[in-house]
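Single-letter residue listing:
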Amino acid sequence: MARLDGEALLRRLPKVTGRLEPNAPLAEFTWFRTGGPAEVLFTPASEADLASFLADMPGDVPVYVIGVGSNLLVRDGGVPGVVIRLGRGFSDIAVEPESRIRCGAAVLDVRVARFALEHGIDGLTFLRGIPGTIGGALRMNGGAYGGETKDVLVAARAVDRSGTMQVLSNAAMKYSYRHCGAPEDLIFTEALLQGRPGSREEIAAAMDKITESRESTQPVKSRTGGSTFKNPPGQKSWQLIDKAGMRGFAVGAARVSEMHCNFLINEGGATAAQIEELGETVRRRVKETSGVDLDWEIKRIGVPA
Ligand SMILES: Cc1cc2nc3c(=O)[nH]c(=O)nc-3n(C[C@H](O)[C@H](O)[C@H](O)COP(=O)(O)OP(=O)(O)OC[C@H]3O[C@@H](n4cnc5c(N)ncnc54)[C@H](O)[C@@H]3O)c2cc1C
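Conventions we followed
- Residues numbered from 1 in each chain as written.
- Predicted model: local features only at pLDDT ≥ 70, side-chain atom pairs only at ≥ 80, totals over all residues.
- Heavy atoms only, no water.
- Near = heavy atom within 4 Å.
- Polar contact = N/O pair within 3.5 Å; in protein donor to acceptor, adjacent residues only side chain to side chain.
- Areas by Shrake-Rupley, 256 points an atom, 1.4 Å probe, with all protein chains shown as cover.
- Helix = DSSP H or I, 4+ residues; strand = E, 2+ residues; numbered from the N terminus.
- Salt bridge = Lys/Arg side-chain N within 4 Å of Asp/Glu carboxyl O.
- Buried < 20%, exposed > 50% of the residue type's maximum accessible area, 1.4 Å probe, protein only.
- Pairing = 2+ DSSP bridges.
- Axes fitted to C-alpha atoms, helices over the stretch in contact; angles between N-to-C directions.
- Phe/Tyr/Trp six-rings, centres within 6.5 Å; stacked < 30°, edge-to-face > 60°.
- Lys NZ or Arg CZ within 6 Å of the ring centre and 35° of its normal.
- Disulfide = S-S within 2.5 Å.

Visitor: Explain the site of the ligand here, please?
Guide: As a structural note, the neighbourhood of the ligand is formed by 36 residues, with Val65, Gly67, Ser70, Thr133 and Gly143 the closest of them. At a separation of 3.4 Å, an oxygen atom of the ligand approaches a polar backbone atom of Ala137. Summarising the interface, the protein chains cover 96% of the accessible area of the ligand, which totals 960 Å² for the free molecule. Taken together, the elements giving at least two residues each to the shell around the ligand come down to β3 (63–66), α4 (134–140), β9 (143–144), β15 (187–194) and β17 (223–227).

Visitor: Where do I start with the pattern of salt bridges in this structure?
Guide: It is possible for side chains bearing opposite charge to pair when their charged atoms get close. One pass over the full model with this rule turns up 16 salt bridges. One salt bridge in this structure joins Glu297 and Arg178, with 3.7 Å as the shortest N-O distance. With Glu297 in the loop between α8 (272–290) and β21 (299–301) and Arg178 in the loop between β13 (175–176) and β14 (179–180), this pair connects stretches of sequence that are 119 residues apart. There is no split in this pair, since Glu297 and Arg178 are both buried. Where Glu280 meets Arg283, a salt bridge forms, and the shortest distance between an N and an O atom there is 3.0 Å. Residue Glu280 and its partner Arg283 are located together in helix α8, separated by three residues, close to a single helical turn. Given the relative accessible area of 25%, Arg283 is considered partly exposed.

Visitor: Honestly, the sheet that holds strand β2 (residues 37–43) in this entry has me stumped. Any pointers?
Guide: Strand pairs in the sheet, formed through backbone hydrogen bonds, run parallel or antiparallel to each other. On the basis of which strands lie adjacent, the open sheet formed by four strands has the order β1-β2-β5-β3 and mixed pairing. Only two strands of the sheet have a single neighbouring strand rather than two, namely β1 (19–25) and β3. In this sheet, adjacent strand axes meet at a mean angle of 30° when their direction is disregarded. As defined by bridge partners, β3 adjoins strand β5 (residues 79–85) across four bridges and the pair is classed as parallel. Considered in β5, the bridge of Ile66 is made with Arg85.

Visitor: How should the packing of aromatic side chains be read in this particular structure?
Guide: The geometry of an aromatic ring pair comes down to the distance between the two centres and the angle between the two planes. Summed over the entire model, instances satisfying the criterion amount to two aromatic pairs. Above the ring of Phe29, the side-chain terminus of Arg85 is found at 4.0 Å from the ring centroid. Seen from the ring of Phe249, Arg285 lies directly overhead, with NZ or CZ sitting 5.3 Å from the centre.

Visitor: When you look at the state of the cysteines in this model, what are you seeing that I'm missing?
Guide: Linking two cysteines covalently via their sulfur atoms produces the bond known as a disulfide. In this structure the tally under the stated criterion is zero disulfides. No disulfide involves Cys103; its sulfur sits 15 Å from that of Cys180, the nearest cysteine. Given the relative accessible area of 1%, Cys103 is considered buried.

As structure tokens, then:
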């Protein structure tokens, strides 16, 4: 396999207002804290910067966008092409009429939930339970505690691989459970979310309940990627994993969480290969014991070492 050569790729890329960094470590940008570098990491300054970069860049260069890596396993050999990480230029948040909130794709879901509380807007409390960005929630149809992105999205703005701006309605996102059917090349830049007027006390109480529940049922302070596998229809992945005897099972420093066995944990120094092997072992054992094929919810990107 050809080694990544960020410097060579950089020479082929258009000038930007934001930042282009060759051979940029990505581990620090993921919850698992492991994996290889981006061949080139692009932090666009604005939507216009992002759009002109995409319009002018060579068509053969792969592009992948990341949020805060809370649903991501970056393989040890790194990610060929350009990895895009949205920063400050995508972090605006504002109230709009009719209990709506407009927010940039880099805004954390938790921030949106708190902002809604400050403005007495209900219906967005579930975002308190998801430790990702709005961009990640749009792509994953992130959901928790009875709510999901699909329930609250009015429209999303995005830039496609050719640098063209698009506005997508909720229907155009083709949402299903933890899945968005909108074209894979879209980089979401902004969302308009629908809430409803609510009482601050009740919203605050609902958010406190979510915080308590998460902390007692999920290893939220560990190096993890959240739920590893989607729940198969009518079943819970964690129950199937438990039944397969995989709770606490380890490959090197990668371990199935004792607290919530659909979570994999990097206990310190685990490679992405070990985490992926652990996940694949879990899938195999679940298939043997229950006949069910678990489907990865975590996105795995890049190449092996
Ligand atoms: C402790 C823990 C608990 C979690 N609990 C939940 C939960 O209750 N419910 C839930 O739904 N998820 C949960 N997750 C998973 C994760 O937080 C969500 O999937 C989240 O939406 C991912 O957002 P992110 O910014 O981290 O995206 P990343 O992990 O960086 O990326 C995930 C996917 O989103 C895409 N993406 C990110 N930004 C953009 C963008 N701007 N445009 C287009 N695509 C983009 C990426 O390409 C990738 O395919 C949990 C994770 C952890 C670590």
